[in-house]
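Spelled out from the first residue to the last, the chains are:
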Amino acid sequence: MKLTIIGTGYVGLPTGVGFAELGNEVVCVDKIAAKIDKLNRGELTLFEDGLDELFRKNVEKGSIRFTLDMENAVKGADVVMLAVGTPPHPVTKEADLQYIYAAAEELAQYLDGYTVVATKSTVPVGTGDEVEAIIRKTNPIADFDVVSLPEFLREGFAIHDFFNPDRIVIGANSEKARSVMLKLYEPFKEKSEFLMVKRRSSETIKYASNAFLAMKIHYINEMADFCEQAGADILEVAKGMGMDSRIGKKFLNPGPGYGGSCFPKDTNAMAQMGKKYGANLNLIETTIAKNDERKAKMGQRVIEAIKNHPEGKIAVLGLAFKGGTDDCRESPAVDIVKEMIKHSDNICAYDPKAIENAKLILGDSIKYANSIEEACKDADVMVVLTEWEDFRNINLAEIKKIMSKAKIIDLRNMLNAEDAKVNGFEYQCIGAKYSA
Ligand code: UDX
């Protein structure tokens, strides 16, 4: 099928490459010339595990191309997907829909033949109606349907998730649009569940899912705080809880709070929608407030640990909002470092992929290292902030030799507490207390 994707970010680009790999003819459009130039030179504009190989393969085959020219991209398309940003409004925290609406208005002029316009971006309930109205107003003779096609890709696993979705939700109000979507998603028929729903239900499913996952993380973090006080171990508790299939094992990892481009934005937008529709969303509101509070508390926990030697070097491991990505948007690691900066001017951070993005936020307020060893050299404390697998395998015996003091604050529970203890470290983690 002929597929046009508007927006080449963390959703649009992996989705475009994925559909090209499945045999579709894909065109990706973006407004940023530098991005399109780079992609046309065969270079990726973001890091995603497994994307590079598929990107090269499909560019070489000619099954995906990149352009600034909306007219050229939209004419003749069977499906046009909107995958532009919906960032939170700085004041109201509502999803800012200006990019969606501008794209809808622009694409409307070039629709020819029956086209399905699908919103992949996370958009508030009712946005599909608005997009439909904009297209109809701009091009009254256009033959089209607007469907909601929420994406559930996790950053860092976007390619894996694209090819192995738990479910494909299609929110369409017309039979014709449903059949086009079923054709596009035909390759997933055997391995995924399909759910056909009303457009407004589909828009709600995305927010309700992300808000639920954010609440699950908040819950396990709250239990972790309880365990620290009550002498229990959150890892054992989470394991026991997860064995109940009704609860499930996933998203029970305690940490410094959730972050990223989705959970903070989507929980806030959902809370705003609750207000708009007069529906009480107390659980979500509490989750948002407590998650913000938690990040500040975690920063203070680090400061507390170095209070006897405030000029001591702090080695920070991890700046991305989670492992496997270079993305620092709403990163708890970055927020915690910001809290630490208020009390220390001797912070050195290492992240396998996110240093460049972190520099855009933190600038030269901290130093940056090229390796775990460089960050930890002469440090008083090692602070683990992002769940990169590399950190799980740190050779603690060797690292101890180069550190100034043997102290670890592991806010992701990545390291082995026994190993830390055997090697003489004072070890603090989340949700359990260890004595040296
Ligand atoms: C999320 C959703 O998972 C995905 O379905 C949606 O499409 C986009 O939003 P993503 O933002 O990539 O994906 O990150 P995710 O892996 O869900 O993690 C979000 C945050 O929660 C990270 O900061 C992560 O470290 C944190 N987290 C996650 C925990 O603290 N504990 C957990 O158990 C899981």
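Residues numbered from 1 in each chain as written. Predicted model: local features only at pLDDT ≥ 70, side-chain atom pairs only at ≥ 80, totals over all residues. Heavy atoms only, no water.

A. Focus on the overall build of the protein chain. Along the backbone of the protein chain there are 18 helices and 14 strands. In summary, the protein chain has a C-alpha radius of gyration of 23 Å against a globular reference of 22 Å for 436 residues, a match within 12%. Principal-axis analysis of the C-alpha atoms places the extent of the protein chain at approximately 75 × 50 × 45 Å. Here the protein chain holds 436 residues, and the buried ones make up 55% of them. For the protein chain, long-range pairs separated by at least 24 residues make up 73% of all intrachain contacts whose partners lie at least 6 apart in sequence. Total accessible area on the protein chain is roughly 19,800 Å²; 51% of this is exposed by carbon and sulfur atoms. Of the charged side chains in the protein chain, 56 are positive and 65 negative; the average position of the first set lies 2 Å away from that of the second. (Helix = DSSP H or I, 4+ residues; strand = E, 2+ residues; numbered from the N terminus. Rg over C-alpha atoms; globule rule 2.2 N^0.38 Å. Buried < 20%, exposed > 50% of the residue type's maximum accessible area, 1.4 Å probe, protein only. Contact = heavy atoms within 4.5 Å. Areas by Shrake-Rupley, 256 points an atom, 1.4 Å probe, with all protein chains shown as cover. Lys, Arg positive; Asp, Glu negative; His and termini not counted. Charge placed at Lys NZ, Arg CZ, Asp CG, Glu CD.)

B. Molecular detail of the sheet that holds strand 10 (residues 347–350). Taking strand neighbours across the sheet as the criterion, the six strands line up as 11-10-9-12-13-14 in an open arrangement whose pairing is parallel. Since the sheet does not close on itself, it has two edges, and those belong to strand 11 (367–368) and strand 14 (426–428), each with one partner. Bridge analysis of strand 10 against strand 11 gives two bridges, and the strand direction is parallel. The partner of Ala349 across the bridge, within strand 11, is Tyr368. Across the sheet, helix 12 (residues 282–305) is in contact with strand 9 (313–317), strand 12 (379–384), strand 13 (407–410) and strand 14; its angle to strand 13 comes to roughly 175°. (Pairing = 2+ DSSP bridges. Axes fitted to C-alpha atoms, helices over the stretch in contact; angles between N-to-C directions.)

C. Seen up close, the side chain of Thr325. Position of Thr325 relative to the elements: it lies in the loop between strand 9 and helix 13 (332–341). Residue class for Thr325 comes out buried when judged on its relative accessible area of 0%. A polar contact is formed between the side chain of Thr325 and the side chain of Glu155, at a distance of 3.3 Å. (Polar contact = N/O pair within 3.5 Å; in protein donor to acceptor, adjacent residues only side chain to side chain.)

D. Region of the structure containing helix 1 (residues 12–21). By the criterion of burial, helix 1 is predominantly enclosed, with nine of the ten residues buried. Within helix 1, burial applies to Gly12, Leu13, Pro14, Thr15, Gly16, Val17, Gly18, Phe19 and Ala20. A positive phi of about 100° marks Gly23, the residue just after helix 1.

E. Summary view of unusual backbone geometry. Of note, Lys93 is a non-glycine position whose phi angle comes to about 70°, a positive value. Mapped onto the fold, Lys93 is located in the loop between strand 4 (79–82) and helix 5 (98–108). In this structure, Asp378 takes a positive phi of about 65° despite not being glycine. In this structure, Asp378 sits in the loop between helix 15 (372–376) and strand 12.

F. Representation of the nonpolar core. Within the largest apolar cluster, 62 residues are counted, with the highest numbers of intra-cluster contacts made by Ile314, Val316, Leu317, Met382 and Ile394. Aside from chain neighbours lying at most four places away, what touches Leu317 is Tyr350, Ile372, Ala375, Cys376, Met382, Val383, Val384, Leu385, Thr386, Phe391 and Ile394. Core analysis: the second largest hydrophobic core is formed by 41 residues, Val84, Leu111, Val123 and Met215 among them. (Core = buried A, V, L, I, M, F, W, Y, C linked by side-chain atoms within 4.5 Å.)

G. Local environment of the packing of aromatic side chains. Taken as a whole and assessed by the stated rule, the structure comprises nine aromatic pairs. On the numbers, 5.7 Å between centres and 45° between planes, the contact of Tyr185 with Phe188 is tilted. A network of ring pairs unites the aromatic residues Phe19, Phe162, Phe163, Tyr185 and Phe188 as a single cluster. One cation-aromatic arrangement involves Arg167 over Phe152; the distance from NZ or CZ to the ring centre is 3.6 Å. Here the basic side chain of Lys359 rests over the ring of Tyr368, its NZ or CZ set 5.3 Å away from the ring centre. (Phe/Tyr/Trp six-rings, centres within 6.5 Å; stacked < 30°, edge-to-face > 60°. Lys NZ or Arg CZ within 6 Å of the ring centre and 35° of its normal.)

H. Representation of the domain arrangement of the protein chain within the structure. Here the domain parsing of the protein chain yields domain 1 (2–197) and domain 2 (198–436). For domain 1 and domain 2, the distance between their C-alpha centroids amounts to 32 Å. At the interface, 38 residues of domain 1 touch 28 residues of domain 2. Summed over both partners, the interface of domain 1 with domain 2 comes to about 2,700 Å²; 53% of that surface belongs to carbon and sulfur atoms. (Domains from an automatic or database assignment. Buried area = accessible area lost by both parts, 1.4 Å probe.)

I. A look at the site of the ligand. Around the ligand sit 19 residues in total, of which Phe152, Leu153, Glu155, Asn253 and Arg412 are the nearest. Within the backbone of Glu155, one N or O atom sits 2.6 Å away from an oxygen atom of the ligand. Leu252 places a main-chain nitrogen or oxygen 3.4 Å from an oxygen atom of the ligand. No other element matches helix 9 (residues 199–230), which puts three residues into the shell around the ligand. (Near = heavy atom within 4 Å.)

J. Local environment of the state of the cysteines. Applying the stated criterion to the full structure yields zero disulfides. Take Cys227: it sits in no disulfide, and the sulfur closest to it among the cysteines is that of Cys429, at 10 Å. Free cysteine Cys348: the closest other cysteine sulfur is in Cys376, separated by 8.7 Å. Exposure remark for Cys348: the relative accessible area of 7% places this residue in the buried category. (Disulfide = S-S within 2.5 Å.)

K. How the structure looks around the side chain of Asp233. Mapped onto the elements of the fold, Asp233 is located in the loop between helix 9 and helix 10 (234–242). The side chain of Asp233 sits in the buried core without any salt bridge; Lys239 is the nearest counter-charge, 11 Å away. For Asp233, the contacting residues outside a window of four places in its chain are Cys227, Gly431, Ala432 and Tyr434. (Salt bridge = Lys/Arg side-chain N within 4 Å of Asp/Glu carboxyl O.)

L. Inspection of the packing of helix 1 against helix 3 (residues 51–61) at higher detail. Following both chains from N to C, one finds helix 1 and helix 3 inclined at 55°, their axes separated by 9 Å at the closest point. Classified by the angle their axes make, helix 1 and helix 3 are oblique. Here the hand of the crossing between helix 1 and helix 3 comes out left-handed. Packed against helix 1, whose contacting residues are Leu13, Pro14, Val17, Ala20 and Glu21, the element helix 3 presents Leu51, Leu54, Phe55, Lys57 and Asn58 at the interface. Residue composition of the contact of helix 1 with helix 3, by class: seven nonpolar, one polar and two charged. (Parallel < 35°, antiparallel > 145°, perpendicular 65-115°, else oblique. Left-handed = near helix turned anticlockwise from the far one by under 90°. Nonpolar A, V, L, I, M, F, W, Y, C, P; charged D, E, K, R; others polar.)

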